[in-house]
Amino acid sequence: MKKIVGVIAVAVLAWAGPAPAGAPVVGGQYRYWAFSNHNDLRDVLAYWAPGPFHVQLEAWDFVRGNDQFRPEVGIHLRDARRSVYTVQWRHERSQERFWLGTDQVLSDHVVGRAQVSPIVTGDSTSWVFDAGLDWYWASYDFVQATVIRDPREGGLWVVPLRVRLANERNDWLQLTFAPASRRTVGWAVDAKLRWLRLGVERNNRYDFTRLDNTVYTVGFEAPLRRAE
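Just so it is clear, the structure is predicted and the values come from calculations on it, not from any experiment. (Residues numbered from 1 in each chain as written. Predicted model: local features only at pLDDT ≥ 70, side-chain atom pairs only at ≥ 80, totals over all residues. Heavy atoms only, no water.)

Asker: Please clarify how the overall build of the chain should be interpreted in this entry.
Answerer: Each helix and strand in the chain was counted, giving 1 helix and 16 strands. Within the chain, the fraction of its 228 residues that count as buried is 45%. Counted over contacts in the chain with a minimum sequence separation of 6, partners at least 24 positions apart contribute 36%. (Helix = DSSP H or I, 4+ residues; strand = E, 2+ residues; numbered from the N terminus. Buried < 20%, exposed > 50% of the residue type's maximum accessible area, 1.4 Å probe, protein only. Contact = heavy atoms within 4.5 Å.)

In structure tokens, the structure reads:
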């Protein structure tokens, strides 16, 4: 399945899934992918992240074929410095995708990230690599830069750049710009206001084909209350 490249370029940049350990949440989203060839995609997902792990269930419903059920499970463990170590799996139609990564607290304001993601099919394995830095200047405000190397389609590079502006309630506005190899550019605007999640994103030459798409997102995300 080649759809993941486009998701890397923008959708993952404005990651719709749960936060890692320390931020227990529950949420759900409806995402409508409008393609230039009119084979649009209706994407419904729900996630539960009680803290050290998360579970996500997602269904892709295309106008013409290629429907998918995409279950996902991830474990996120913290050390004494609050650095995070992640192991994650997702089923993607005819293949399995895994993630092994870490977010390392380098200073009061800087977090370094590195990740490897094998994509396993019946007769081959592709390896996607990424690394980046986050700089925080307030509790939830940050800028982020990432470099992603994907070997599919002859080898692709994506360099997502992101800024998030937030308040102390962790309501936020997030802007993403994602230039990539072969003159492909993606962008996204996402927001969270209390429990409401909204977003719009654009992929030019989606999946490095001739297709363009625009993705509209509406959903909710609510904190989980721990029992006293």
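More follows now that the structure is in view.
Asker: I'm lost on the pairing of strand β1 (residues 25–35) in this one. Help?
Answerer: It is a general feature of regular strands that their side chains alternate between the two faces of the sheet. Bridging between β1 and strand β16 (residues 213–223) involves 11 bridges; their strand directions are antiparallel. Residue pairing for β16: Ala34 is matched across the bridge by Thr214. Two elements, β1 and strand β2 (residues 41–49), share 9 bridges in a ladder whose sense is antiparallel. Paired with Val25 across the strands is Ala49, a residue of β2. The antiparallel hairpin formed by β1 and β2 contains 5 residues in its connecting segment, where His38 sits at a positive phi of about 70°. (Pairing = 2+ DSSP bridges.)

Asker: What exactly am I supposed to notice about unusual backbone geometry here?
Answerer: Comment: phi is negative for the bulk of residues other than glycine, and the bulk of peptide bonds are trans. You will see that Arg82, though not glycine, has its phi angle at about 75°, which is positive. Looking at the secondary structure, you find Arg82 in the loop between β5 (72–78) and β6 (84–92). On the accessibility criterion, Arg82 (54% relative accessible area) is exposed. Not every positive phi belongs to a glycine, and Asn170 is a case in point at roughly 65°. Relative to the helices and strands, Asn170 resides in the loop between β12 (161–166) and β13 (172–180). Judged by its relative accessible area of 23%, Asn170 is partly exposed.

Asker: So what exactly am I meant to see when it comes to the pairing of strand β8 (residues 110–120) here?
Answerer: Both strand β7 (residues 95–105) and β8 contribute to a ladder of 8 bridges, which runs antiparallel. Paired with Val105 across the bridge in β8 is Val111. Hairpin connection between β7 and β8: a loop of 4 residues separates the two successive antiparallel strands. If you look at the hairpin formed by β8 and strand β9 (residues 125–136), you'll find 4 residues sitting between the two strands.

Asker: Would you mind showing me how to read the pattern of salt bridges here?
Answerer: Pairing between side chains of opposite charge can happen when their charged atoms approach one another. Tallied over the full model, the rule gives 12 salt bridges. Measuring nitrogen to oxygen at the nearest pair gives 2.8 Å for the salt bridge that ties Glu201 to Arg31. One end of the pair, Glu201, is in strand β15 (residues 196–203); the other, Arg31, is in strand β1, and 170 residues separate them in sequence. When sorted by exposure, Glu201 lands in the same class as Arg31, which is buried. Through salt bridges that share partners, Arg31, Asp43 and Glu201 make up one connected network. (Salt bridge = Lys/Arg side-chain N within 4 Å of Asp/Glu carboxyl O.)

Asker: Which parts of the structure should I look at to understand the environment of Gly199?
Answerer: Locating Gly199 in the fold gives a position in strand β15. Each C-alpha atom, one on Gly199 and one on Thr217, is 4.8 Å from the other, the two residues being 18 residues apart in sequence. When near neighbours in sequence (up to four residues on either side) are disregarded, Gly199 contacts Val189, Asp190, Val215, Tyr216 and Thr217.

Asker: Would you mind going over the environment of Tyr216 with me for this structure?
Answerer: Residue position: Tyr216 is located in strand β16. Using a relative accessible area of 45% as the deciding quantity, one classes Tyr216 as partly exposed. Separated by 184 residues in the primary sequence, Tyr216 and Tyr32 place their C-alpha atoms 5.2 Å from one another. In this structure Tyr216 touches Tyr30, Arg31, Tyr32, Gly199 and Val200, once residues within four positions along its chain are discounted.

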